[in-house]
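Coordinate inspection notes
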Amino acid sequence: MAIHTSILFALLALALGLAQVEEGVAALLWGGHIGNRVLRYLVPLLFLAPVVLGKVVLTFMRSRDLHPEFGVAIYTMAFIIGGAVYVLVMVFHLNRIDMEKQAYMTELGYFKTALDKAAIVAITDVNGKITFANRNFVEISGYSRNELIGQNHRILKSGLHPPEFYRNIWRTIARGNVWHGEICNRAKNGSLYWVATSLVPFMNEEGKPYQYLAIRQDITARKAAEYLLSPQYVRKLEQKNRDLEQFAYVASHDLQEPLRTIQAYSEVLGREYAGKMGDFGEKGLEFLAEAATRMSKLVQGLLDYSRLGRENPKEMVDCNHVISEVLEDLERTIADSGATFSLHPLPVARGNSVELRVLFQNLISNALKFRDPDSPPVIEIDCREEGEDWYFTVTDNGIGIAPEHQERIFVIFQRLHNRQKYAGTGIGLAHCKKIVSMMGGEIGVKSELNQGSTFFFSIPKEPGDVYEQEIELHPADR
Ligand code: ADP
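Residue positions within a chain follow its written sequence, with the count starting from 1. The predicted nature of this model means local features are confined to residues of pLDDT at least 70 and side-chain atom pairs, given and counted, to a pLDDT of 80 or more, with totals for whole chains, interfaces and linings taken over all residues. Processing note: side-chain calculations cover all non-hydrogen atoms of the structure and skip hydrogens and water entirely.

1. Quick look at unusual backbone geometry
Selection rule: Put simply, DSSP H or I for four residues or longer makes a helix, DSSP E for two residues or longer makes a strand, and each gets a number counted from the N terminus. Each residue gets one of three labels from its accessible area relative to the maximum for its type: buried under 20%, exposed over 50%, partly exposed in between, using a 1.4 Å probe on protein chains only.
Backbone geometry at phenylalanine 413 places phi at a positive 70°, although glycine is not the residue there. As for its placement among the helices and strands, phenylalanine 413 is situated in the loop between strand E10 (389–396) and helix H14 (428–438). Judged by relative accessible area, which is 36%, phenylalanine 413 ranks as partly exposed. Even without being a glycine, asparagine 450 presents a positive backbone phi close to 65°. By the element assignment, asparagine 450 lies in the loop between strand E11 (443–447) and strand E12 (453–460). With relative accessibility at 59%, the residue asparagine 450 sits in the exposed group.

Right, dumping it as structure tokens:
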């Protein structure tokens, strides 16, 4: 074969080789990595520069008729200096690219860290098989990372959404669109959790998705709050409350009858067999009668409690007047205890007079009852406007309540002392709580043990409510 034919073939083979950009030398030459870039820079230096430089030096020597040794020296010097400059420029250029890349990677690292911290992140392949799960995902799902990787995303299905819901998701992302929505998933322990989800498909060059990135936010708490406010939940709760009250009413009402029988028969027995039963019999009968009376009080309290709010027509109630009446009722106890009152003007507010009276009666009689054994009670009753509410306070200088008991005292039958020390049934504050709740307000206590207590309650102000400045103070207020 002639030399030019061989060169032609060689060039052809080279061209074909270079056209195959995905394999062999061409892949090395056209690749996107730093090594490929270096190769691309070096090819001209290694292959073109010697030929071009050789040709230039030869022409120069011939034209000046110079000695070959001089030519070799020039060639060598030119190659070394030119090569060094070329390599230096190449290094600067590559360093700049590398620095840009590093800055970009650092920035990317920040985004990844932020995303990891702020969201539940998962990557699945095109069939929904999990290939990546971040820590938040592990935590919320309750599965370990090893249990998640390789599993189909279906293991999280809650059963709450119909199949069409999932089909729609797959249709959307398979077409390359991002899907946003709220999904209820099931954790390993069976509990349900809600996530606001964005599913982002990643497409290959052929326009087909090859993986999906799921970014989720835990919205379980928000969903729970929404449910608590939903009309269906409120209806359910109201029905449950009605059922419970009905039950308490019926139970306490029906219990009254056998109790009355016990009380009546213990009385008859006591009368008929007086002096015949011996000490033990008489003491026993006494205990029986006492227990029946106590139980009767409890049952009556329960009955009153369940009745509260059944009929509560609202009217304008002068709270100052209510206080006067309550103090009149408690006159004897007040006098016995030597209590003093500091009464501030209270509003005329819309409410039910009987309920408001029960409320003040309980708070004031407690303030008298739980007094400091060493000093007479000093009780202050006040009210101020706070935003949309009336904010009432009843403050005493009594025995106080330790912080750990301050919530449970509002629960029915909860008492902190035995009957011998302080009489009572543990129903008063439960009544107060129910009354205040029914009026749309809140009740609580601020207290320290042995430091007195301030019971406070709020009720929403209604149009027409006024402050009654002119109050007629009860004689006890001295
Ligand atoms: P009762 O007065 O019949 O015991 P309550 O429901 O009115 O029932 O009160 C529950 C408990 O709260 C009381 O037993 C008492 O321990 C505590 N308590 C209520 N009011 C006061 C108060 N002013 N000072 C200290 N403790 C109180």
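Once the structure has been displayed, the description carries forward.
2. Description of the pattern of salt bridges
Two side chains bearing opposite charge may form a pair once their charged atoms approach each other closely. Condition: Salt bridge, as applied in this entry: a Lys or Arg side-chain nitrogen positioned within 4 Å of an Asp or Glu carboxyl oxygen.
The tally for this structure, following the rule as stated, stands at 18 salt bridges. Arginine 96 serves as the salt-bridge partner of glutamate 100, at 3.8 Å between the closest nitrogen and oxygen. Here glutamate 100 pairs with arginine 96, and both are found in helix H4 (residues 68–118), just four residues apart, close to one helical turn. Among the ionic pairs, glutamate 182 bridges to arginine 222, the shortest N-O distance being 2.5 Å. Residue glutamate 182 is located in strand E3 (residues 179–186), and its partner arginine 222 is located in helix H8 (residues 220–229); the two are separated by 40 residues in the primary sequence. Beyond isolated ion pairs, a larger network of salt bridges with shared partners links Glu182, Arg222, Lys223 and Glu226.

3. Focus: the sheet that holds strand E2 (residues 130–133)
Just so we agree on the cut-off: A pair of strands is treated as paired once DSSP finds two or more bridges between them. For every element, the axis is a line fit to its C-alpha atoms; helices are fit only across the contacting stretch, and the angle between N-to-C directions ranges from 0 to 180 degrees. Any two residues whose heavy atoms approach within 4.5 Å are treated as being in contact.
Spatial ordering of the open sheet is given by E2-E1-E5-E4-E3, a layout of five strands whose pairing is antiparallel. Each edge of the open sheet carries a strand with a single partner, namely E2 and E3. Within this sheet the neighbouring strands show an average axis-to-axis angle of 30°, counted without direction. Of the strands in this sheet, E3, strand E4 (192–203) and strand E5 (209–218) are in contact with helix H7 (residues 163–174), which crosses E3 at around 140°.

What is shown is where atoms sit, not what they do.
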